[in-house]
Amino acid sequence: MKKVMLAEDEEFILQGIRCIIDWEEISMKVVSMARNGREALEMFQKEPVDILVTDVEMPQMNGLDLIKEIRRIQPKTRCIILSGYDEFEYARSALRLDVEEYILKPVNEDQLRQALVRAAEHLDEIDRKKIGSMEDKIGWHKFLNGKLDGNEMAEFYQVLPVIGRDEQVCGAIMKIDTKSLENNEGIQVILMETQKLTGKVKTIYLSPDTLFLLLYSSEETIARQAAEIFGGLQYHLESRYGIMTFLPYQRP
């Protein structure tokens, strides 16, 4: 699930944006809602998000300044601007800030949904490129087996979902026999299925035939949980989709 922040000073519009999108359907979750730019920045500092949807004109700090500050904290965050102003200077400033989309009010539901989906795809592409580069240099197998130094481990952790203070993580690499997939979009179906099946497992797309599975748990029995959950997931995918999968690397 991609984490989303909404920033809008008009309560009616803020609640409207929250309600018009089926967030679960597009694998997103609204984790924070701010009524001004300063509040949005403080929320972001406490809990960074993947996607920011912000108004331009807000009290205390406008949307463009908010994006500049967020860029200093987390350059990867994708930003979508909502504005009641069809002015060239706003749009030009948005382009300089690498804004995903500039949407004029009143907000069109389909346009916003498409912008959110594109932002998520952009994030995934950024991660795939970084993950691919890291795989070339080091390898996820070494990461799983704890054979990296501190700097190398830190680089890998940057692309993983945030680990909570009381959480432990167990990982596995799932190899999929792509010959058993019906079409090129099959891996995306499998990816979505792993994300929906259990909220405890987070999935990272490594390559067309490889998924990196992460079990997040606060329980001490995480190793036993992992064997049961990963094995159950493997059985579910094979029986439902008639595919071949392998879990050659698995360890906490």
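Sequence order as written defines the numbering, with residues in each chain counted from 1. Restriction of local features to residues with pLDDT of at least 70 applies here, the model being predicted, together with a cutoff of 80 or more for giving and counting side-chain atom pairs; totals for whole chains, interfaces and linings are based on all residues. Side-chain numbers here rest on the full set of heavy atoms in the structure, without hydrogens or water.

### Thoughts on helix α3 (residues 63–73)
Here's step 1: Categorising residues by exposure relies on relative accessible area from a 1.4 Å probe, with only protein chains included: less than 20% of the type maximum marks a residue as buried, more than 50% marks it as exposed, and the intermediate range marks it as partly exposed. Going along the chain from the N terminus, every DSSP run of H or I of four or more residues is numbered as a helix, and every run of E of two or more is numbered as a strand. When we look at burial in α3, the residues that qualify are G63, L64, L66, I67, I70 and R71. The buried residues of α3 occupy one face: seen down the axis, they fall within an arc of 155 degrees.
Here's step 2: Contacts described as polar in this section are N or O atom pairs within 3.5 Å, which, within protein, must combine one atom able to donate a hydrogen with one able to accept it, while residues neighboring in sequence count only if both atoms come from side chains. The residue sitting at the N-terminus of α3 and contributing the capping side-chain oxygen is N62; that oxygen lies 3.1 Å from the backbone nitrogen of L64. To obtain the arc, one takes the directions from the helix axis to the C-beta atoms.

### Focus: the environment of D22
Here's step 1: Along the chain, D22 turns up in the loop between α1 (11–20) and β2 (28–34).
Here's step 2: Sequence separation of D22 and R113 is 91 residues, and the distance between their C-alpha atoms is 8.8 Å.

### Points about the environment of L66
Here's step 1: Tracing the backbone shows L66 in helix α3.
Here's step 2: As a C-alpha pair, L66 and T54 span 12 residues in sequence and 8.7 Å in three-dimensional space.
Here's step 3: By definition in these notes, contact holds between two residues if any of their heavy atoms fall within 4.5 Å. Beyond its immediate stretch of four places on either side in the chain, L66 contacts A7, G37, A40, L41, L52, T54, M58 and M61.

### What to know about the nonpolar core
Nonpolar side chains in soluble globular proteins tend to be buried together.
Here's step 1: In this text, buried Ala, Val, Leu, Ile, Met, Phe, Trp, Tyr and Cys residues form a nonpolar core when linked through side-chain atoms within 4.5 Å. Among the nonpolar cores identified, the biggest contains 22 residues, and L6, W23, I51, V53 and L116 are the most heavily contacted of them.
Here's step 2: Those elements that provide at least two residues to this core are β1 (2–7), α1, β2, β3 (51–55), β4 (78–83) and α5 (109–137).
Here's step 3: Apart from the residues within four sequence positions on either side, L6 is in contact with L14, I17, R18, W23, V30, S32, M33, A34 and V53.
Here's step 4: Ranked by size, the runner-up nonpolar core spans 20 residues in total, among them I67, I70, I81 and A94.

### Structural notes on the packing of helix α2 (residues 37–46) against α3
Here's step 1: Helix axes are fitted only over the stretch in contact, all axes being lines through C-alpha atoms; the angle between N-to-C directions runs from 0 to 180 degrees. Where α2 meets α3, the closest approach of the two axes is 10 Å, and the angle between their N-to-C directions is 15 degrees. Relative to α3, α2 is oriented roughly parallel. When you trace α2 past α3, the crossing you get is right-handed. Facing α2, whose interface residues are G37, A40, L41, F44 and Q45, α3 presents L66, E69, I70 and I73.
Here's step 2: Each residue is assigned to one class: nonpolar for Ala, Val, Leu, Ile, Met, Phe, Trp, Tyr, Cys and Pro, charged for Asp, Glu, Lys and Arg, and polar for all the others, Gly among them. Of the residues in the contact of α2 with α3, the class split is six nonpolar, two polar and one charged. Note that the term roughly parallel is reserved for angles under 35 degrees, roughly antiparallel for angles over 145, roughly perpendicular for angles of 65 to 115, and oblique for everything else. Left-handed describes a crossing whose near helix is turned anticlockwise from the far helix through less than a right angle; right-handed describes the clockwise counterpart.

### Here's the deal with unusual backbone geometry
Here's step 1: The linkage connecting K105 with the following residue, P106, adopts the cis geometry, with an omega of -5 degrees.
Here's step 2: Along the chain, P106 turns up in the loop between β5 (101–104) and α5.
Here's step 3: Positive phi is not limited to glycine here, since S27 has a value of about 55 degrees.
Here's step 4: Positionally, S27 belongs in the loop between α1 and β2.
Here's step 5: For S27, a relative accessible area of 25% gives the class partly exposed.
Here's step 6: Look at Q60: it is not a glycine, yet its phi comes out positive at around 70 degrees.
Here's step 7: Mapping Q60 onto the fold places it in the loop between β3 and α3.
Here's step 8: On the accessibility criterion, Q60 (63% relative accessible area) is exposed.

So yeah, pure geometry; function would need other evidence.
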